[in-house]
Amino acid sequence: MTQLIFEHIFKSYQVGEPVIKDFHFETKEQEFIVFVGPSGCGKSTILKMIAGLEDITSGRLLIDGKEMNNVPTRERNLSMVFQNYALYPHMTVYQNIAFGLKMRKEKKTDIKKKVLKTAEITGLTNLLTRKPADLSGGQRQRVALARAIVCDNPVFLMDEPLSNLDAKLRTQMRREITLLHERLATTTIYVTHDQTEAMTMADRIIVLKDGSIQQVGTPHEIYETPANLFVASFIGSPAINVLNGKIESNVITIDGIPTIFSRKNLRTTKEVLVGIRPEHLIIDEYNSLLTATVEDLETLGADTIIYAKHNQIHLTIKAPGLLSFTKGDQLPLSIADEHLLLFDKASKKVIL
Amino acid sequence: MDSLLNNITSPTFLSPIWISLKISILAGIIVVIIGTIAGYFLARKSFKGKAVVETLLMLPMVLPPTVVGFLLIVIFGKNSWAGQALTWLFDRPIIFTWWAAVLAAIIVAFPLMYQSAKSGFLSIDRDIEDAARVDGANDWKIFWLISVPLASKALISGAILSFARALGEFGATLMFAGNIPGETQTIPIAIYLAIDSGQMTMAWLWVGAMIIISFIILLTIRVKE
């Protein structure tokens, strides 16, 4: 039931240019927001500003209509999961989970009840007497989660909580956190550099680069209509193919590819960058537009990633199924041209 | 054998031991408190001139004890401003008193405690303190429930080093507190004077006492760990 509002927030340190520039955004109630971007984009800094662990240089942060800029962390009623978990190493799992309740001076019997219930939800019941050093990475992660949910705070912050887990556990925890969010009905801000986490977990994604918002949107919007070349390249795995091209009176040509596409409403004449997602290059013997030479292959099981070359242009192709090619094979390709993305060559902004 | 027993139970032998222990324990307690607070403050805050403050705090460790003694006499002597203030407060000058010996021990032992405490606090993952802050702890609770327990090893070793340094203090104490048997004569001073006046038996006894005390302290730590 809680809404966060960021009004033109800037953050700068004594030297250099601001690390956060004009961060302006409103969450909806109970939304799962993911901040995604490369390291150094400022996503963790914003999270720390929400928590009150970093000062806001200018602009306003409101939680439920109340300005938070000068409210101490302990009065902001939020929970946070840290990247390295930040468990209290000298306390048992029980004491770790109970710490926040103790700070709120809750009754001992209530604390016990809540800790036991939370331990049950997070599968920690048998580990309550252990110290963090005796736990596996996945178990520590659960303690960090338990510590955050036990206080029942309306705002939930997570700073790359899955980055220290192995791949299998990460997929599992991803699902668990999503379910937990639905169950707790909190407003969650989740920071990650992993675009898969962003795509799979978010209600809305905020893509950040160099302290500026690049785009805000649902996973669908971000993937299908990226606002600029950065977003298009950052989201999607493997990364989008970017080729040089040109628009001339509704006609798109791509350098080195002997085909033209037409699209209405493109009146301008200009040089463009053409983005083609790897899954939109289709192996097609009957309607092929071009032939590429296979250079390398990655077999993922359900999909196959093919690295190929056509007229000195490197192409990445993602094809469903287990395919086998050998280096040098000729690959007939067609392009799902309704999915072509066009970007202005100078500003790198999308051309709609 | 009888004379040895007489020596060990004589007030001449016991007095410097009690004085040394009392001075070191009191100085040690004070140093642990202010050294821990100073270490925490300087590990967590940054301000203009921090490097100068840190250097000043470490200075007593590298200065010769005679320099410390000289400065103490200048600062707290009968004619100084601080000395007169203390004289007015306690009705007598601090120089050549038991308290002067405590002050000298504090000054020389402080850098050891401060240094250990600071590096102990610096080694704590800041996220853990931040987690406590998010969990609703105020600064005092973070310090007391998180930082101090996590730096406890460094704090204990700092306390031991400071106590040992206070116990071994000689130069500054002799200059500032003097050699008053029964009041300011500590073991190190007693040993020095015993050798000077050819009382080798007494010197041996005090050296033995010093070794035993030091051994016990170190052993307690080992057992506790």
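Residues numbered from 1 in each chain as written. Chains lettered and ligands numbered in written order. Predicted model: local features only at pLDDT ≥ 70, side-chain atom pairs only at ≥ 80, totals over all residues. Heavy atoms only, no water.

- An unreviewed UniProt entry lists chain B under the name Molybdenum transport system permease, with Cytobacillus stercorigallinarum as the source organism.
- What UniProt records for chain B under Subcellular location (unreviewed entry) is the sentence "Cell membrane". (UniProt positions renumbered as here; feature names shortened; annotations may be inferred.)

- As named in an unreviewed UniProt entry, chain A is ABC transporter ATP-binding protein, taken from Cytobacillus stercorigallinarum.

**Concerning the overall build of chain A**
Phase 1 of the analysis: What chain A contains, in helices and strands, is eight helices and 21 strands.
Phase 2 of the analysis: Overall size of chain A, expressed as C-alpha extent along the three principal axes, is 75 × 45 × 35 Å.
Phase 3 of the analysis: For chain A, buried positions account for 49% of its 352 residues.
Phase 4 of the analysis: Expressed as a percentage of contacts within chain A between residues at least 6 apart in sequence, the contacts between residues at least 24 apart total 64%.
Phase 5 of the analysis: Working note: accessible area of chain A is about 16800 Å², and carbon and sulfur atoms make up 49% of it.
Phase 6 of the analysis: Each charge class in chain A can be summarised by its mean position, and for the 42 positive and 41 negative side chains these summaries are 8 Å apart. (Helix = DSSP H or I, 4+ residues; strand = E, 2+ residues; numbered from the N terminus. Buried < 20%, exposed > 50% of the residue type's maximum accessible area, 1.4 Å probe, protein only. Contact = heavy atoms within 4.5 Å. Areas by Shrake-Rupley, 256 points an atom, 1.4 Å probe, with all protein chains shown as cover. Lys, Arg positive; Asp, Glu negative; His and termini not counted. Charge placed at Lys NZ, Arg CZ, Asp CG, Glu CD.)

**Focus: the layout of surface pockets**
Phase 1 of the analysis: When its volume is computed, the largest pocket comes out at roughly 1000 Å³.
Phase 2 of the analysis: For the largest pocket, the lining is made up of 32 residues, of which L53 of chain A together with R44, K45, R126 and R133 of chain B are closest to its centre.
Phase 3 of the analysis: Those elements giving two or more residues to the lining of the largest pocket turn out to be α1 (43-51) of chain A together with α2 (11-44), α7 (126-134) and α8 (139-150) of chain B.
Phase 4 of the analysis: For the lining of the largest pocket, the residue count by class is 13 nonpolar, six polar and 13 charged. (1 Å grid on protein atoms, 1.4 Å probe; cavity = no way out; pocket = protein on both sides within 12 Å on 5 of 7 lines; lining within 4 Å. Points joined across faces, edges and corners; volume = space filled by probe spheres on them. Nonpolar A, V, L, I, M, F, W, Y, C, P; charged D, E, K, R; others polar.)

**A word on unusual backbone geometry**
Comment: phi is negative for the bulk of residues other than glycine, and the bulk of peptide bonds are trans.
Residues and elements named next belong to chain A.
Phase 1 of the analysis: Cis geometry marks the peptide bond from S237 to P238, where omega comes out at -5 degrees.
Phase 2 of the analysis: Structurally, P238 is set in the loop between α8 (229-234) and β11 (241-248).
Phase 3 of the analysis: Its identity as a non-glycine residue notwithstanding, A86 has a phi of 50 degrees, on the positive side.
Phase 4 of the analysis: Considering the arrangement of structural elements, one finds A86 in the loop between β6 (78-81) and α2 (93-103).

**Comments concerning helix α3 (residues 50-62) of chain B**
Residue and element names in this part refer to chain B.
Phase 1 of the analysis: End to end, α3 covers 19 Å across 13 residues, agreeing with the expected 18 Å (1.5 Å per residue, within 8%).
Phase 2 of the analysis: Roughly 25 degrees is the biggest bend found in α3, and it falls at L56, with proline P60 one to four residues downstream.
Phase 3 of the analysis: Those residues of α3 that sit buried are K50, E54, M58 and P60.
Phase 4 of the analysis: Buried-residue contacts for α3 involve α2, α4 (65-76) and α6 (98-122). (Expected span 1.5 Å × (residues − 1). Bend = angle between axes of the 7 residues up to and from the residue.)

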